[in-house]
Amino acid sequence: MIRRDFEIYRYRYMDEVELHHHDFYEIYFFAGGSVTYYIESQSYHLSKGDILIIPPRTLHRAVIDNTNASYDRYVLWLYN
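Our subject in this report is the structure included herewith. (Residues numbered from 1 in each chain as written. Predicted model: local features only at pLDDT ≥ 70, side-chain atom pairs only at ≥ 80, totals over all residues. Heavy atoms only, no water.)

## As for a nonpolar patch on the surface
Together, Phe6, Tyr25, Phe29, Ile51, Ile53, Tyr74 and Leu78 make up an exposed nonpolar region whose accessible area comes to about 620 Å². Only strand S2 (25–32), strand S5 (51–54) and strand S7 (72–78) provide two or more residues apiece to the nonpolar patch. Its location among the elements puts isoleucine 51 in strand S5. (Patch = residues over 30% accessible without salt bridge, like charges linked within 9 Å, V, L, I, M, F, W, Y side chains within 5 Å. Areas by Shrake-Rupley, 256 points an atom, 1.4 Å probe, with all protein chains shown as cover. Salt bridge = Lys/Arg side-chain N within 4 Å of Asp/Glu carboxyl O. Helix = DSSP H or I, 4+ residues; strand = E, 2+ residues; numbered from the N terminus.)

Structure follows, in structure tokens:
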């Protein structure tokens with residue numbers, strides 16, 4: 001994070017994100033594409049409009065299922 005309290009971004013690209021964690025909350029809004037999202041040992045196939053709330057220090061990653069579909073999402077990072 002660049003700011004100390006929160007940041008919000010829109011990402012529209014097809015790069016996969018490796019398994020990682022943050023020291024802050026991530027609120028993730030899925031706007032489109034074909035993605036399976038992994039949080040710790042659970043997997044979720046996302047549908048447009050899904051919202052994820054990922055606590056600090058929780059391992060997570062997105063795997064793009066269809067590289068022909070645009071991967072579009074918003075993330076809000078909140079530091080507690």
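## What about the pairing of S2?
Note that S2 and S7 share seven bridges and pair antiparallel. In the strand pairing of S7, phenylalanine 30 is matched with arginine 73. Here S2 pairs with S5 via four bridges, running antiparallel. Residue pairing for S5: glutamate 26 is matched across the bridge by isoleucine 54. (Pairing = 2+ DSSP bridges.)

## Overview of the nonpolar core
If you look at the biggest cluster of nonpolar residues, it comprises 14 residues, and the most contacted ones within it are Tyr28, Phe30, Val35, Tyr37, Leu46, Leu52 and Tyr71. When contributions to this core are tallied by element, the ones reaching two or more residues are S2, strand S3 (35–39), S5, strand S6 (60–64) and S7. Not counting residues within four places of it along the chain, the set of residues in contact with valine 35 comprises Phe30, Tyr44, His45, Leu46, Ala62, Val63, Asp65 and Tyr71. (Core = buried A, V, L, I, M, F, W, Y, C linked by side-chain atoms within 4.5 Å. Buried < 20%, exposed > 50% of the residue type's maximum accessible area, 1.4 Å probe, protein only. Contact = heavy atoms within 4.5 Å.)

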